[in-house]
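Coordinate inspection notes
Here is what each chain is made of, one letter per residue.
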Amino acid sequence: MTQRIVVLTGAGISAESGVKTFRDEDGLWESHHIEEVATPEGYAANPTLVEAFYNARWQQLIQGDIAANPAHIALALLEQHQDCELMLVTQNIDNLHERGGSKRVLHMHGELAKGRCPQSQQTFILNEILGPDNVCTCCIPAQKLRPHVVWFGEMPFGMDSIHQALAQCDLFIAIGTSGSVYPAAGFVDLANQVGALTLNINLAPRDDHSEFQYHWQGKASELVPQLVTDILAGHSVAHNQS
């Protein structure tokens, strides 16, 4: 019998691969206020600053020693299994899931490796940094590509598909994210409403207000391979709960 699984991944799974999180301890994003580099208004006010911010993140991703970790690879194996129908949703804008072998990834917050035409909304793989010379090929005159990233105040991608999958799932797993910020915060409620098992895997201990039925505390790179092995062996996520 096919098991329908929805997986949501967040910053925690990428952090183990060396990807820096945007937010510093003082709440700033690489010494910038969120409004400066992660809003449409910030981009309109200073596109050069915003482009430099995302170009630096993109160059770190393609030039550094960053690689998919065992959690990414395990999820790719789960995707390939004939008895699992997996929707893999990520809040991360890196491409580590793809590097780990996943073929169908829904990037709800966009992708660092792409630029987007502000007019047609068509996306393009980045071969050079964002700037005045990096333009689309879909418009006349050509439009300067903007970062293909969902900023504060913009709607995440694929919400209808995500809600449809959650309404039909047997198991919902959040990995490396507390899932406490909307709209992702509502995912666990939707899964609970249809009677799915819900599991959170996180370095942080269980939140007393968590809506997840089960919580595994630890590194994603260690626990996700174990989880995938359990799922493929037909074991319940409940046996390792904390």
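Residues numbered from 1 in each chain as written. Predicted model: local features only at pLDDT ≥ 70, side-chain atom pairs only at ≥ 80, totals over all residues. Heavy atoms only, no water.

A look at helix α4 (residues 47–63)
- The end-to-end C-alpha distance of α4, which contains 17 residues, comes to 23 Å, matching closely the 24 Å that a straight helix rising 1.5 Å per residue would cover.
- When α4 is considered as a whole, its buried residues turn out to be Val50, Glu51, Phe53, Tyr54, Asn55, Arg57, Trp58 and Leu61.
- Among the structural elements, α2 (34–37), α3 (40–45), α6 (96–99), β4 (110–116) and β6 (146–149) are those in contact with the buried residues of α4. (Helix = DSSP H or I, 4+ residues; strand = E, 2+ residues; numbered from the N terminus. Expected span 1.5 Å × (residues − 1). Buried < 20%, exposed > 50% of the residue type's maximum accessible area, 1.4 Å probe, protein only. Contact = heavy atoms within 4.5 Å.)

What about the sheet that holds strand β2 (residues 84–90)?
- Reading across the sheet, the six strands line up as β3-β2-β1-β7-β8-β9 and stay open at both edges, with parallel pairing between neighbours. Two strands in the sheet have a free side with no partner beyond their single neighbour: β3 (105–107) and β9 (214–217). Recorded for the sheet is a direction-independent mean angle of 20° between the axes of neighbouring strands.
- With five bridges joining them, strand β7 (residues 171–175) and strand β8 (residues 197–202) adopt parallel strand pairing. Bridged to Ala174 within β8 is Asn200.
- Against the sheet, helix α5 (residues 70–80) touches β1 (3–9), β2 and β7, its axis set at about 140° to β2.
- Along the sheet, helix α7 (residues 159–166) makes contact with β1, β2, β3 and β7, crossing β2 at roughly 140°. (Pairing = 2+ DSSP bridges. Axes fitted to C-alpha atoms, helices over the stretch in contact; angles between N-to-C directions.)

The values are spatial; any link to function lies outside them.
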